[in-house]
Every structure is written in C-alpha cells, then in structure tokens.
Amino acid sequence: LVLGYLRNQRLVGDVSEVASITVDWDAGEDGAGVAAVKTHQGIAEALVATAIGLFAAIPAVLGYNRFSTVVDRVGSHTDTFMEEFSNILQRNLSNKPVKA
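Residues numbered from 1 in each chain as written. Predicted model: local features only at pLDDT ≥ 70, side-chain atom pairs only at ≥ 80, totals over all residues. Heavy atoms only, no water.

What is the right way to look at the overall build of the protein chain in this model?
Of the regular secondary structure elements, the protein chain holds two helices and zero strands. Burial status across the protein chain gives 14% buried among its 100 residues. Within the protein chain, contacts between residues separated by at least 24 positions form 67% of all contacts whose residues are at least 6 apart in sequence. For the protein chain, the exposed area adds up to about 7900 Å²; of that, 65% sits on carbon and sulfur atoms. (Helix = DSSP H or I, 4+ residues; strand = E, 2+ residues; numbered from the N terminus. Buried < 20%, exposed > 50% of the residue type's maximum accessible area, 1.4 Å probe, protein only. Contact = heavy atoms within 4.5 Å. Areas by Shrake-Rupley, 256 points an atom, 1.4 Å probe, with all protein chains shown as cover.)

Please explain a nonpolar patch on the surface as it appears in this structure.
A cluster of nonpolar side chains, contributed by Phe 81, Met 82, Phe 85, Leu 89 and Leu 93, occupies part of the molecular surface with about 540 Å² of accessible area. If you trace the backbone, Leu 93 turns up in helix H2 (residues 34-95). (Patch = residues over 30% accessible without salt bridge, like charges linked within 9 Å, V, L, I, M, F, W, Y side chains within 5 Å. Salt bridge = Lys/Arg side-chain N within 4 Å of Asp/Glu carboxyl O.)

Where do I start with the packing of aromatic side chains in this structure?
A ring pair, where both rings are aromatic, is described by two values, the distance of the centres and the angle of the planes. Applying the stated criterion to the full structure yields one aromatic pair. A centroid spacing of 5.7 Å and a plane angle of 15° characterise the contact between Phe 81 and Phe 85, whose relative ring orientation is stacked. Remark: Phe 85 and Phe 81 occur in helix H2; sequence separation between them is four residues, near one turn of the helix. Residue classification places Phe 85 among the partly exposed positions, given a relative accessible area of 42%. (Phe/Tyr/Trp six-rings, centres within 6.5 Å; stacked < 30°, edge-to-face > 60°.)

This is the structure:
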C-alpha cells in the first residue's frame with residue numbers, strides 16, 4: 001500500500017513537471033526565431049500529450065492498486081477458509097468409528 005502511494009506521488013510530480021515545462025516553452029517563444037518556435041511548439045505539444053497520458057494513467061494505477069488489494073484479501077480469506085474446513089473434516093473423519 002505504501003509503495004503504491006509512493007508510485008502515485010511520482011506520477012503526480014510528473015504531471016506538474018510537464019505542466020511547468022510547457023509553460024516555460026510557451027514563454028520562450030516570444031523572442032525566438034522561426035525554427036526555434038516550431039521546435040518549441042512540437043515539444044510543447046508532446047508535453048501536453050504526455051500530461052494527458054499521465055492524467056489517464058494515475059486513476060488506472062489507483063484502480064489497479066485497489067483491485068490488487070481486494071484480490072489479495074479475498075485470496076487470504078480463501079486460504080484461511082480452506083485450512084479451517086480441512087481441519088474440521090479431519091477431526092470429524094478421525095473421530096468416527098470405522099464400520100466393517
């Protein structure tokens with residue numbers, strides 16, 4: 001759970017980094033030449049696409065972590081049930097007299 005939280009924090013940091021780089025590139029276009037402006041625009045578009053991808057990835061990671069936790073919990077409960085049921089069957093079968 002803690003590792004999942006830390007991974008999600010890293011994704012949020014990536015989103016803010018992409019946003020700040022995009023703003024910096026847009027601000028740098030004011031005094032640049034035509035080639036630099038085209039380069040800046042292309043990089044800015046790529047960064048915006050990256051930010052959109054991160055906005056899609058963050059909820060997916062959160063959902064996966066939640067689902068994984070639930071599956072682990074159900075698996076643990078199933079294992080416990082199997083052990084208890086096996087013990088009950090063993091006790092009941094070992095206490096019955098054998099019919100000849």
